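Observations on chain architecture
Each chain, written out:
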Amino acid sequence: MNPYVLMILLSSLGLGTTLTFASSHWLLAWMGLEINTLAITPLMAQHHHPRAVEATTKYFLTQATAAAMILFASTTNAWMTGEWNITELSDPLANTMFMTALALKIGLAPMHFWMPEVMQGLDLLTGLILSTWQKLAPFALIIQTAQNIDPLLLTLLGVTSTLVGGWGGLNQTQLRKILAYSSIAHMGWMIIVIQYAPQLTLIALGTYIIMTSAAFLTLKMSLTTKLSTLATTWSKSPILTATTALVLLSLGGLPPLTGFMPKWLILQELTKQDLPIVATIMALAALISLYFYLRLCYAMTLTISPNMINSTTPWRTQTTQTSMPLALFTMATLGLLPMTPTILMLAT
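Below, the structure is looked at part by part. Keep in mind the model is a prediction, meaning the values are calculated, not measured. (Residues numbered from 1 in each chain as written. Predicted model: local features only at pLDDT ≥ 70, side-chain atom pairs only at ≥ 80, totals over all residues. Heavy atoms only, no water.)

**Digging into the packing of helix α12 (residues 238-252) against helix α15 (residues 324-335)**
As a reminder, the rule being used: Axis definition: a line fitted to C-alpha atoms, over the contacting stretch in the case of helices. Angles run 0 to 180 degrees between N-to-C directions. Helix and strand definitions follow DSSP, with helices as H or I runs of at least four residues and strands as E runs of at least two, each counted in order from the N terminus. Angular relationships are summarised with four words: roughly parallel below 35 degrees, roughly antiparallel beyond 145, roughly perpendicular across 65 to 115, and oblique for the angles in between. By definition, turning the near helix anticlockwise from the far helix through less than a right angle yields a left-handed crossing, and turning it clockwise yields a right-handed one. When checking whether two residues touch, look at their non-hydrogen atoms; a contact exists if any pair is within 4.5 Å. In this classification, the charged set is Asp, Glu, Lys and Arg, the nonpolar set is Ala, Val, Leu, Ile, Met, Phe, Trp, Tyr, Cys and Pro, and all remaining amino acids, among them Gly, are polar.
As a packed pair, α12 and α15 sit with axes 9 Å apart at the nearest point and diverge in direction by 45°. In this view, α12 runs oblique relative to α15, as classed from their interaxial angle. Relative to α15, α12 is oriented so that their crossing is left-handed. Residues Leu240, Thr243, Leu246, Val247 and Ser250 of α12 pack against Leu326, Thr330, Thr333 and Leu334 of α15. When grouped by side-chain class, the residues that make up the contact of α12 with α15 number 5 nonpolar, 4 polar and no charged.

This is the structure we're talking about:
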């Protein structure tokens, strides 16, 4: 892609998110989300592969549907209450419709069906943008309106997403689909606590972005998109394989890695709010997710791949990719747990 075009598209991505962050009026927020969608569409289709074009079309249609629902919900709210302010979302029909639209935008279950399919059709860097940056603007709106939305709806979305994210990833061999289901499960953890402690949602979103960036950049470095190829990476770069296993365990939420922090704080908050059953379901759903991360770790580090493997064995050539972002994200993914009190103090 032409570097000037790429610069314009990335700037538009930044502009769309910033516009949504800064707006207090529904139309401005909607405009920011639309700019975001239109800016990422050419990035998704840039390789002109049929799968990439199909993924782009699916993504565009779902995002356009969600945007239309947001516009309809905000117009309904303005019609009923005379208010265009984002925080004044008081009409019950409008706020349920609005939450459903945003759930569709970020891929919360049961509106998640587009997410794995779209992710499978993209290259790793565009998949990284879709999993991290594209979640920011909708989450800004959800956090602003969470207090007006029915708590039962938020709890149902959160529990369903963690369960679906766990179950869906169990049988997958494609790494991008696994990361898509991982994203759905993490979104569920963020939504479940948003009505009680929005600062914990921000901490969970921040750690999710760090861990997912480390996972995607690792796969990009080792040029891997399938489980069978992942099993051959140990011979090419054993240290990278070891850190990849730890990054995956961090995504699963095992202590003493960074991924344990948001899960621990969210379970603690749910228990404080006298919701032990919800906290138990969330903890058990996290175990399901942990199983498929352990499956990846087992295939990658504890087995030697069979000689009759279908994928091409990677050459031990020097890579031209820059490894500094990967190193920084991996360090953050593995070592932020001792910083929990500081992070909590900064967030509150």
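**With respect to a nonpolar patch on the surface**
Formally: Note on patches: the residues involved have over 30% relative accessible area and no salt bridge, like charges join within 9 Å, and the nonpolar side chains Val, Leu, Ile, Met, Phe, Trp and Tyr join within 5 Å. Reported accessibility uses the Shrake-Rupley method at a 1.4 Å probe radius. Residues are deemed covered only where the shown protein chains occlude them. Any carboxyl oxygen of Asp or Glu that lies within 4 Å of a side-chain nitrogen of Lys or Arg is treated as forming a salt bridge with it.
A surface patch of nonpolar side chains, about 290 Å² in accessible area, is lined by Leu38, Phe60 and Leu61. Locating Leu38 in the fold gives a position in helix α2 (residues 26-44).

**A closer look at the environment of Leu122**
Here Leu122 is to be found in the loop between α5 (114-120) and α6 (124-131). Placed 71 residues apart in sequence, Leu122 and Arg51 show a C-alpha to C-alpha distance of 7.8 Å. Discounting chain neighbours no more than four positions away, the residues touching Leu122 are Met44, Ala55, Gly127, Leu130 and Arg176.

**Focus: the environment of Trp79**
Looking at the secondary structure, you find Trp79 in helix α3 (residues 50-81). Linking Trp79 and Asp91, residues 12 residues apart in sequence, is a C-alpha distance of 9.7 Å.

**Quick word on the nonpolar core**
Convention followed: Residues belong to a common nonpolar core when they are buried Ala, Val, Leu, Ile, Met, Phe, Trp, Tyr or Cys residues joined through side-chain atoms within 4.5 Å. Remark: exposure states derive from per-residue accessible area (1.4 Å probe, protein chains only) relative to the maximum for the residue type, with buried under 20%, exposed over 50%, and partly exposed in between. Segmentation into domains, and thus their bounds, comes from an automatic or database assignment.
Phe98, Met99, Leu108, Val118, Ile191, Ile192 and Ile266 are the most contacted members of the largest nonpolar core, which has 97 residues in total. Element by element, the count of residues in this core is highest for helix α10 (residues 198-221), at 13 residues. Each of domain 1 (1-127) and domain 2 (150-307 + 321-347) contributes no fewer than three residues to this core. Apart from the residues within four sequence positions on either side, Met99 is in contact with Leu108, Ile142, Ile149, Leu153, Leu154, Leu157 and Ile191.

**Overview of the pattern of salt bridges**
Here the structure, examined in full by the defined rule, presents 2 salt bridges. Residue Lys58 is joined to Glu54 by a salt bridge in which the shortest nitrogen-to-oxygen separation is 2.8 Å. Placement of both Lys58 and Glu54 in helix α3 is noted, with a separation of 4 residues, approximately one turn of the helix. With relative accessibility at 42%, the residue Glu54 sits in the partly exposed group. Across the salt bridge formed by Lys177 and Glu117, the nearest N and O atoms sit 3.7 Å from each other. Taken together, the residues span a long stretch of sequence, with Lys177 in helix α9 (residues 175-193) and Glu117 in helix α5 at a distance of 60 residues. Under the relative-accessibility criterion, Lys177 is labelled buried at 17%.

**Some points on the environment of His25**
With respect to the element layout, His25 can be found in the loop between α1 (3-22) and α2. Note: C-alpha distance between His25 and Ser74 (49 residues apart in sequence) is 9.6 Å. Setting aside residues no more than four positions away along its own chain, His25 makes contact with Trp84 and Ile86.

**A closer look at the packing of aromatic side chains**
How two aromatic rings sit relative to each other is set out by the distance from centre to centre and by the angle between their planes. Under the convention used in this document: The rule is short: rings of Phe, Tyr and Trp, with Trp giving its six-membered ring, pair when the centres are within 6.5 Å, and they are stacked under 30 degrees, edge-to-face over 60, tilted in between.
Considering all chains together, one arrives at 4 aromatic pairs under this definition. Ring geometry for Trp26 and Phe98: centres 4.6 Å apart, planes at 70°, overall edge-to-face. With Trp26 in helix α2 and Phe98 in helix α4 (residues 92-106), the pair connects residues that are 72 residues apart, well separated along the chain. Taken as a pair, Trp26 and Phe98 share a single burial class, namely buried. On the basis of an interplanar angle of 5° and a centroid distance of 5.8 Å, the ring pair of Phe260 and Trp264 is categorised as stacked. Of this pair, Phe260 and Trp264 both sit in helix α13 (residues 260-272), 4 residues apart, which is roughly one turn of the helix. A residue is classified by how much of its surface remains accessible, and Phe260, at 25% relative accessible area, is partly exposed.

**Digging into unusual backbone geometry**
Of note, the bond from Ala109 into Pro110 is cis; its omega dihedral lies within 30 degrees of zero at 0°. A cis geometry characterises the amide bond from Pro255 onward to Pro256, with omega recorded as 5°. Inspection of the secondary structure puts Pro256 in the loop between α12 and α13. The phi angle at His48 is positive, at roughly 55°, despite the residue not being glycine. In this structure, His48 sits in the loop between α2 and α3. Under the relative-accessibility criterion, His48 is labelled exposed at 67%. Residue Asp274 is not a glycine yet carries a positive backbone phi of 65°.

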